[in-house]
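# Chain and residue survey
Chain residues, written in single-letter form:
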Amino acid sequence: MGELVTSDVSFRAMRHEDVERAVEMSRALSWPHREEDWALFLSLGHGIVAEVDGEVIGTICGFPYGDHAATLGMVIVDDAHQGKGYGRQLMQAMLDHLGNRTVLLQATVEGAPLYEKLGFVDIGTLHQHQGTIPLAPLAALRSGERIRPLGSSEQTPGELYSKATGTDRHAMMRALTAQDSTVVLTHDDIPVGFALLRRFGRGWSVAPVVAPDADGAKALILHWLAQNAGNFTRLDVTEESGLSPWLEGLGLPRVDTVRMMARGPLPETAPNATLFALTTQALG
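## Focus on the overall build of the protein chain
The helix and strand inventory of the protein chain stands at eight helices and 14 strands. A compact globule built from 284 residues would reach a C-alpha radius of gyration of about 19 Å, and the protein chain, at 19 Å, matches this within 12%. Reported as C-alpha extents along the three principal axes, the dimensions of the protein chain are approximately 65 × 40 × 35 Å. Sorting the 284 residues of the protein chain into buried and exposed places 53% on the buried side. A fraction of 70% describes how many contacts in the protein chain between residues 6 or more apart in sequence connect residues 24 or more apart. The distance from the centre of the 23 positive side-chain charges to the centre of the 34 negative ones in the protein chain is 1 Å.

As structure tokens, this is what we get:
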């Protein structure tokens, strides 16, 4: 986008040199994102910043998945500039950029009223779990099931993630699997699920997790929790998954709950692939 000036604030595309300031603002909100996390967002989507007197005071990131859907996140306005409508202007600039796509997001308590005014409605709840598990039980696999590493040229994550979300996630998964550890759940040698262990924020994140059912998701999650025992680990799981009480029973406490919201018709998902844990609350 070109620069858009409204009264004392201007809006422009986010650049790599804005990452340091973006990290500073996200840390002021006690969000854990590192420079590497912000850089990943810029590589996968589009960022817009708000500037006042040459200083970045607001951010937003949008991630198109094909022509019909997108997610957005990292909506931040510096505390010193709250209450001036900059958050709404950032949202409108990003919605204009995303066009007629259905847009999905995760809403904090502070952000939800703005999103409601812009036409977003509730579609579910997301629970954030994080902490350090000293020891996790071994995954219980059913007859015919196996957990194996992702093959070097395998397209399983992109295909299954796209089916689970109803959106085109192939490009995103190629980027993630190129830098993160990935395992695949198979049944009679047919891939039916996958999970990544990703460096993120204060430690590690098990995400995304896609499986045909909750038992498959638990097996994948337990695989990585056992591998990552003793390290700080985060999972963002949907209320619908039913995994939140199970994670608390494992010793991974729920630390936050946010609203999942959408503007526009929801994408159609496949019945045999379910998203249990999101990549991040920005990417969805």
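Here the narrative resumes.
## Some points on the nonpolar core
Where a protein is soluble and globular, its nonpolar side chains tend to be buried together. Core analysis: the biggest nonpolar cluster contains 33 residues, and Trp38, Phe41 and Val210 have the highest contact counts within it. Those elements that place two or more of their residues in this core are helix H1 (19–28), helix H2 (35–44), strand S4 (55–65), strand S5 (69–77), helix H5 (156–165), helix H6 (170–179), strand S10 (190–200) and strand S13 (254–263). Look past the residues within four positions of Phe41 in its chain and what remains in contact with it is His33, Cys61, Phe63, Met74, Thr280, Ala282 and Leu283. The next biggest cluster of nonpolar side chains, apart from the first, holds 27 residues, and it includes Val192, Leu197, Ala217 and Phe276.

## Let's talk about H5
Within H5, eight of the ten residues are buried, leaving the element largely enclosed by the surrounding structure. Three or more residues of H5 are buried, namely Thr156, Pro157, Gly158, Leu160, Tyr161, Ser162, Ala164 and Thr165. Among the structural elements, H6, strand S9 (181–187), S10, strand S11 (203–211) and strand S14 (274–277) are those in contact with the buried residues of H5.

## Comments concerning unusual backbone geometry
Looking along the chain, the bond that leaves Ala207 and enters Pro208 is cis, with omega of -5 degrees. For Pro208, the position within the fold is in strand S11. In this model, Ser30 sits at a positive phi of 65 degrees, which is unusual for a non-glycine residue. Tracing the chain through its elements places Ser30 in the loop between H1 and H2.

## Section: the packing of aromatic side chains
In total, this model carries four aromatic pairs according to the counting rule given. Residues Phe41 and Phe63 carry aromatic rings whose centres are separated by 5.8 Å and whose planes lie at 65 degrees to one another, so their mutual orientation is edge-to-face. Here the residue Phe41 occupies a position in helix H2, and Phe63 occupies one in strand S4, the gap between them amounting to 22 residues. The exposure class of Phe41 is buried, given its relative accessible area of 1%. Overall, Phe63 belongs to the buried group, its relative accessible area being 0%. A centroid spacing of 6.1 Å and a plane angle of 65 degrees characterise the contact between Tyr115 and Phe120, whose relative ring orientation is edge-to-face. Each member of the pair Tyr115 and Phe120 is classed as buried. Cation over ring: Arg169 sits above Tyr161, and NZ or CZ is 5.0 Å from the ring centre.

## Focus: the pairing of S4
Most of S4 is tucked away, with nine of its eleven residues classed as buried. One ladder, built from seven bridges, connects strand S3 (residues 46–52) with S4; its direction is antiparallel. If you follow Val52 over to S4, its bridge partner there is Glu55. Between S3 and S4, which follow one another and run antiparallel, lie two residues, and Asp53 among them has a positive phi close to 55 degrees.

## Observations regarding the confidence of the model for the protein chain
On average, residues of the protein chain carry a pLDDT of 94, and 98% of them reach 70 or more. For the protein chain, strand S1 (residues 4–6) is the element with the lowest average pLDDT, namely 56, and S9 is the one with the highest, namely 98.

Calculation notes
Per chain, residues are indexed from 1 in the order of the written sequence. Since the coordinates come from a predicted model, pLDDT governs what is reported: local features require at least 70, and pairs of side-chain atoms require 80 or more to be given and counted, while whole-chain, interface and lining totals use all residues. Only heavy atoms go into the side-chain values, all of them from the structure, while hydrogens and water stay out. Runs of H or I in DSSP of at least four residues are treated as helices and runs of E of at least two as strands, each being numbered from the N terminus. When we talk radius of gyration, it's over C-alpha atoms, and the globule rule is simply 2.2 Å times the number of residues to the 0.38. Exposed residues in this analysis have more than 50% of their type's maximum accessible area, buried residues have under 20%, and partly exposed residues fall in between, with area computed by a 1.4 Å probe over protein chains only. The contact criterion used is simple: two residues touch if any of their non-hydrogen atoms lie within 4.5 Å. When charges are counted, Lys and Arg are positive and Asp and Glu negative, with His and the chain ends excluded. Note that the charge is assigned to NZ on lysines, CZ on arginines, CG on aspartates and CD on glutamates. For the purposes of this section, nonpolar cores are sets of buried Ala, Val, Leu, Ile, Met, Phe, Trp, Tyr and Cys residues that join through side-chain atoms within 4.5 Å. Note on aromatic pairs: the rings of Phe, Tyr and Trp (six-membered ring only in Trp) are paired at centre separations within 6.5 Å, and the planes decide the class, stacked below 30 degrees, edge-to-face beyond 60, tilted for the rest. In this analysis the charged atom, NZ for Lys or CZ for Arg, is taken to sit over a ring once it is within 6 Å of the ring centre and within 35 degrees of the ring normal. Whether two strands pair comes down to DSSP finding at least two bridges between them. Each residue carries a pLDDT value, the predictor's own confidence for that position, ranging from 0 to 100.

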